[in-house]
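Here are the chains, one letter per residue:
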Amino acid sequence: MSFWSSQTLNSRLPSLIEPFNKDQIQSASYELCLGEEVYISALPDTPLRERKKIILREKETVPIPPGQFAFLITSETIKVPNNALAFISMKFKHKSDGLINVSGFHVDPGYNGKLIFAVYNAGPINIQVEKGERLFPIWYADLDQDDEDPRKKIGYNSIPTDLMNRPDLVSSLPYLVKRLDDLEKKVENYSIKQTLVLTITIGVLLAFAKPIVDIFIQPLLNIIKSSFTIY
């Protein structure tokens with residue numbers, strides 16, 4: 001397997017990447033841009049009708065909060081020949097802030113479509129991404145021959161709804177914090193209720209204790225006291 005040089009990318013990518021811009025070739029890679037769609041994971045109790053993609057205008061930014069997942073789609077449509085394989089990553093600028101690509105690191109032979117990156121903000125602050133920003137380097141490499149089982153399924157053109165509704169993508173840190181807060185409130189409410197019940201119980205017992213003492217205990221104490229009286 002040999003990776004394509006900048007010269008090879010310049011000669012071959014115009015037919016494989018749309019739109020193509022030769023200025024986006026950097027050190028034997030091509031820098032793909034963020035497209036107009038972004039989806040940031042919702043909490044599990046968020047109604048389906050409120051789980052919506054964010055549509056960005058040109059140069060518009062959107063923050064990915066700490067502990068949240070997001071789907072980012074490329075502006076470009078790419079093709080991978082049957083005799084090649086592509087590798088993808090994220091630029092160091094955002095990786096150093098804590099943005100991690102969790103969607104995979106290669107593109108199959110035969111793929112044709114936009115790329116969707118699943119990312120996770122493992123950092124402590126919001127990470128801003130901008131439409132048109134060069135975020136995703138892609139490298140092409142030759143296979144020794146045409147792959148006998150290339151990808152035939154049509155690639156992505158937008159972020160599909162079924163990805164946005166998958167429950168395994170919403171167990172983010174903010175959700176876990178919310179669950180802990182809810183649990184803490186439940187424990188606190190339970191403790192308050194227990195205290196109130198105990199206070200009321202003690203009050204009731206004290207209220208009944210005086211009559212019992214007056215009726216039963218006090219006469220007995222008087223008898224005992226009189227039996228020890230010295231004349």
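Throughout this document, residue positions are counted from 1 along each chain, in the order its sequence is written. Only residues with pLDDT of at least 70 are given local features in this predicted model, and only at 80 or more are side-chain atom pairs given and counted; all residues enter the totals for whole chains, interfaces and linings. The side-chain numbers reported here are obtained from all heavy atoms of the structure, hydrogens and water having been left aside.

**Side note on unusual backbone geometry**
Item 1. Note that the residue after Glu18, namely Pro19, is joined by a cis bond; omega there is -5°.
Item 2. Its place among the elements puts Pro19 in the loop between β1 (17-18) and β2 (25-26).
Item 3. One non-glycine residue with positive phi stands out, namely Ser27, at about 50°.
Item 4. Numbering of helices and strands runs from the N terminus; a helix is a DSSP stretch of H or I covering at least four residues, while a strand is a stretch of E covering at least two. Its location among the elements puts Ser27 in the loop between β2 and β3 (29-40).
Item 5. Working definition: with a 1.4 Å probe on protein chains only, accessible area under 20% of the residue-type maximum means buried, over 50% means exposed, and in between means partly exposed. Ser27 gets classed as exposed once you look at its relative accessible area, which sits at 68%.

**As for the packing of aromatic side chains**
Aromatic ring pairs are defined here through the distance separating the ring centres and the angle between the ring planes.
Item 1. In this scheme Phe, Tyr and Trp rings, the latter by its six-membered ring, pair at centre separations within 6.5 Å, and the angle between planes marks the pair as stacked below 30 degrees, edge-to-face above 60, and tilted otherwise. Overall, the coordinates contain 6 aromatic pairs when judged by the stated rule.
Item 2. Ring geometry for Tyr39 against Phe71: centres 6.4 Å apart, planes inclined by 20°, an arrangement best described as stacked. Of this pair, Tyr39 sits in strand β3 while Phe71 sits in strand β6 (residues 69-74), placing them 32 residues apart in sequence. Just as Tyr39 is buried, Phe71 falls in that class too.

**Observations regarding the nonpolar core**
Item 1. By nonpolar core we mean a set of buried residues, namely Ala, Val, Leu, Ile, Met, Phe, Trp, Tyr and Cys, connected to one another through side-chain atoms within 4.5 Å. If you look at the biggest cluster of nonpolar residues, it comprises 34 residues, and the most contacted ones within it are Leu72, Ile78, Leu115, Ile138 and Tyr140.
Item 2. Going through the elements one at a time, β3, β5 (61-64), β6, β8 (84-88), β12 (116-121), β13 (127-130) and β14 (134-142) are the ones with two or more residues in this core.
Item 3. With 5 residues, the top contributor of residues to this core is β3.
Item 4. Ranked by size, the runner-up nonpolar core spans 9 residues in total, among them Ala42, Ile73, Ile116 and Met164.

**Some details on the side chain of Glu133**
Item 1. Structurally, the position occupied by Glu133 is in the loop between β13 and β14.
Item 2. Sequence-distant contacts of Glu133, defined by excluding residues within four places in its chain, comprise Leu32, Cys33, Leu34, Lys93, His94 and Gln128. Note on contacts: a residue pair is in contact if any heavy atoms of the two residues lie within 4.5 Å.

**Description of the sheet that holds strand β11 (residues 112-113)**
Neighbouring strands of a sheet are bound in pairs by backbone hydrogen bonds; such pairs are parallel or else antiparallel.
Item 1. Pairing within the open sheet is antiparallel, and its 3 strands lie in the order β1-β7-β11. Looking at which strands have only one partner, the edges of the open sheet turn out to be β1 and β11. For two strands to be treated as a pair, DSSP must find no fewer than two bridges joining them.

**Points about the pattern of salt bridges**
Item 1. A carboxyl oxygen of Asp or Glu within 4 Å of a side-chain nitrogen of Lys or Arg is what we treat as a salt bridge. Taken as a whole and judged by the stated rule, the model has 7 salt bridges.
Item 2. A salt bridge links Lys53 to Glu37, with the nearest nitrogen and oxygen atoms 3.4 Å apart. With Lys53 in the loop between β3 and β4 (54-55) and Glu37 in strand β3, this pair connects stretches of sequence that are 16 residues apart.
Item 3. You can call Lys53 partly exposed: its relative accessible area is 27%.
Item 4. Across the pair Glu130 and Lys59 runs a salt bridge whose closest N-O atoms are separated by 3.8 Å. Note that Glu130 is positioned in strand β13 and Lys59 in the loop between β4 and β5, a separation of 71 residues in sequence.
Item 5. Via salt bridges that share partners, Glu31, Lys91 and Arg134 belong to a single interconnected network.

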